[in-house]
Structures are given as C-alpha cells and as structure tokens.
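Next come the chains, spelled out residue by residue.
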Amino acid sequence: MSLLSNDKHSQLSGKTPTSSFTTDLPGDCLNLIFNGLKTRDDRNSFGLTCHQWLCIQNNNRESLWFRNRDKDPRISLLILYKLLSRFPNLKCLFLTSGLPKITYFLISKKLFFESKVQYLYLDYYNQNADIELSSMFSWFPHLTFIRLRCSHITDKGLESLLKCCPSLKKVRLTGCHSITDLGIRSLIENCQQLGSLCISSCSKITGIGFLECAKTLTYVGAGGCKLKVEGINAILSSGAIRDLFGKECINPEAVMTI
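Now for a quick tour of the structure. The residue numbers shown here count from 1 along each chain, following its written sequence. Two thresholds apply to this predicted model, a pLDDT of at least 70 for residue-level local features and 80 or more for giving and counting side-chain atom pairs, whereas whole-chain, interface and lining totals are computed over all residues. Calculation of side-chain values draws on the structure's entire complement of heavy atoms; hydrogens and water are dropped beforehand.

## What about unusual backbone geometry?
For the record, the criterion: Secondary structure is summarised from DSSP: a helix means a run of H or I of at least four residues, a strand means a run of E of at least two, and numbering begins at the N terminus for each.
Positive phi, close to 55°, is recorded for C150, a residue that is not glycine. Inspection of the secondary structure assignment puts C150 in the loop between β4 (145-147) and α9 (155-164). Here the phi dihedral of S201 falls at roughly 60°; this positive angle occurs in a residue that is not glycine. Examined against the element boundaries, S201 turns out to sit in the loop between β6 (196-198) and β7 (219-221).

Pasting the structure below:
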C-alpha cells in the first residue's frame, strides 16, 4: 500500500520514481522466487517482468532442445551460438537431426570451453568429420553422459571425445556403424568412471575390445551386435558386468561354445 502511495505521489508531483519493488530485490531472493514457481507457464512468464528477472530466468535454465529448421546453415549456427550464450548454466543439451555442418565460426568461439553441459544428445549427426566433432567435444569438458545415436563418428573421433571428456559415466553409441573394437578399447581405457555403455546395432563390434574392462562398467547394451566367443568372454572378464542386455546380441555358435 505504501509503495502504491509513493508511486501515486511521484506521478502527481511530476517526478519519476527512483526505484521499485521489483528492481530492489537482490538476485538471491529472485532465485528463490523463481525456483518456487510450480508451473511451466509461470517460469516462462517470469522474465517478462523486467530485464533483471529475465536474466534470473535465463541463468536457471538447465535444458535446451535445438532443432535446425532454417535452410541457411549460417543462420541456424548463429542462433545456436546465441542460445548457448543466453543460457550459461545449461546442464542438458539436445542437438537433433538437421543440425548443419560445423563451421569455423563456432569452433573459434571460446564460450563453449566453459560450458557446464553434462548431458549431450547428438542424434543423427552425420554431416561432420572427426576433426570437427573433436572441436565440438572440447566445448563440453564436464560431460558425464553422451548419446550419439546413428551418428557418423569413427574410432578416431571417439578417441577425441575421451580426451576432451574424461568424466563420462554413460555412453550411448546406438547405430554408430563406423565404431570398431579398437574404439571400444580406447573408451574403456580412458573412461575410468564408465558405468554404462550401449553399442546396440554397431555392426563392426565383436566384443574383443572389452578385454580387461574397468570394474565400474556394470551395464552393456548390445542389441543387434554379433558378439564372438572371445568378445563375450572379454565382456565378462572383469566380473563386474551385471547386465548384458540386447536381443540377438550373441551368435548361437558363441552360446554353444560357452
């Protein structure tokens, strides 16, 4: 009531109010208000109050789903760059089919080297060579999860991923037909925290790359793979595997041998 009275008095006197209730609130208080909102509509409309509240909303955004809908790759890449600049505390990023070829415009941006993204989805990522994917992986040093479903990545690109993101715990390589047992070997040797690995429909993997795999690896999804006898023995060699899941993942001959 006093706030309204002060504003009314300022209007009558011809003076502009020097402050308002919204602009006087500290950032910590605004964060508490934002995190207390229960519905998506309330969160989405929070930033309409003023620029300060919009910054609070942007800083609290934790996930982003980006799908390229523009025919000009330069425009879509610029939009992606601006979105990642706007939401500095993203933890989960979805980059779905249609994302254009990475250019030096994005590779040269230093912003991504400090990205806090922990979960990265790169589905149907077929337009980039290993060297470009390597540059992209360097943007996300804090990754603990990555999904590269049906993406064009080779053993060399996988090795670059491991150098840039040593804290990976879950890796999904479903339908990555260029990955071989050599890539799996590199993955296991360099990811000391790896606990879950999906290689479903990876046609070149026989399983021998799992020899002496880490004790942390407890789940392997291998649906659609034709594992050899040596491969099965390699997967089970650590004694830590609790789940070897996958329809038609084992050759009948391998089962008979075991």
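Still to come is the rest of the account.
## Looking at the pattern of salt bridges
The test is simple: Any carboxyl oxygen of Asp or Glu within 4 Å of a side-chain nitrogen of Lys or Arg constitutes a salt bridge here. Remark: exposure states derive from per-residue accessible area (1.4 Å probe, protein chains only) relative to the maximum for the residue type, with buried under 20%, exposed over 50%, and partly exposed in between.
The final tally for this structure, using the stated rule, is 5 salt bridges. The closest approach of N and O atoms between K91 and E62, which form a salt bridge, is 3.8 Å. One end of the pair, K91, is in the loop between α6 (73-86) and β2 (92-95); the other, E62, is in the loop between α5 (51-59) and β1 (63-66), and 29 residues separate them in sequence. Here D123 and R149 are joined by a salt bridge, their closest N and O atoms 3.1 Å apart. Taken as a pair, D123 in the loop between β3 (119-122) and α8 (130-137) and R149 in the loop between β4 and α9 lie far apart in primary sequence, 26 residues in all. Under the relative-accessibility criterion, D123 is labelled buried at 5%. Where salt bridges share partners, they join D123, R147 and R149 into one cluster.

## Some details on the pairing of β1
Using the following cut-off: Any two strands with at least two DSSP-identified bridges between them are counted as paired.
Alternating residues of β1 divide into L64 and F66, all buried, and S63 and W65, none buried. With 4 bridges joining them, β1 and β2 adopt parallel strand pairing. Residue pairing in the sheet places L64 in a bridge with L93 of β2.

## Let's talk about the packing of aromatic side chains
Quick reminder of the rule: Aromatic rings from Phe, Tyr and Trp, with only the six-membered ring used for Trp, were paired whenever their centres fell within 6.5 Å, and each pair was classed as stacked if the ring planes differed by under 30 degrees, edge-to-face if by over 60, and tilted otherwise.
Per the stated rule, a full pass over the model turns up 7 aromatic pairs. Relative to Y121, the ring of F94 lies with its centre 4.2 Å away and its plane at 15°, an arrangement referred to as stacked. A residue pair is termed long-range when its members are at least 10 positions apart, and F94 in strand β2 and Y121 in strand β3 qualify at 27 residues. The same class applies to F94 and to Y121, which are both buried. Arranged with centres 6.2 Å apart and planes meeting at 45°, the rings of Y119 and F145 form a pair that is tilted. Placement of the pair is Y119 in strand β3 and F145 in strand β4, with a sequence separation of 26 residues. The class for Y119 is partly exposed, based on a relative accessible area of 36%. A relative accessible area of 10% means that F145 is categorised as buried.

## Things to note about the pairing of β2
Residue alternation in β2 divides its side chains into two sets, C92 and F94 and L93 and L95, and both sets are buried. Pairing analysis gives 4 bridges linking β2 to β3, with the strands arranged parallel. Bridging from a neighbouring strand, F94 pairs with Y121 of β3.

## With respect to the nonpolar core
The condition is simple: We call a set of buried Ala, Val, Leu, Ile, Met, Phe, Trp, Tyr and Cys residues a nonpolar core when their side-chain atoms join them within 4.5 Å. Residues are treated as being in contact if the distance between any of their heavy atoms lies within 4.5 Å.
If you look at the biggest cluster of nonpolar residues, it comprises 51 residues, and the most contacted ones within it are I146, L168, L173, I184, L197, I199 and F210. At the level of secondary structure, the elements contributing two or more residues to this core comprise β1, α6, β2, β3, α8, α9, α10 (181-190) and α11 (229-236). Excluding residues that lie within four positions of it along the chain, I199 makes contacts with I184, I205, F210, V220, G221, A222 and C225. Ranked by size, the runner-up nonpolar core spans 6 residues in total, among them L30, F34, F46 and W53.

## A closer look at the side chain of D123
Test applied: Side-chain atoms alone can form a polar contact between residues adjacent in sequence; in general such a contact is a pair of N or O atoms within 3.5 Å, and within protein one must be able to donate a hydrogen while the other accepts it.
In this structure the side chain of D123 is engaged in a polar contact, spanning 2.5 Å, whose partner is the side chain of R147. Engagement of the side chain of D123 in a polar contact is seen with the side chain of R149, the distance being 3.1 Å.

## With respect to the environment of L143
Note that L143 resides in the loop between α8 and β4. Separated by 52 residues in the primary sequence, L143 and K91 place their C-alpha atoms 8.9 Å from one another. If we ignore the near neighbours within four places in the chain, the residues touching L143 are V117, Q118, Y119, L120, C165, S167 and L168.

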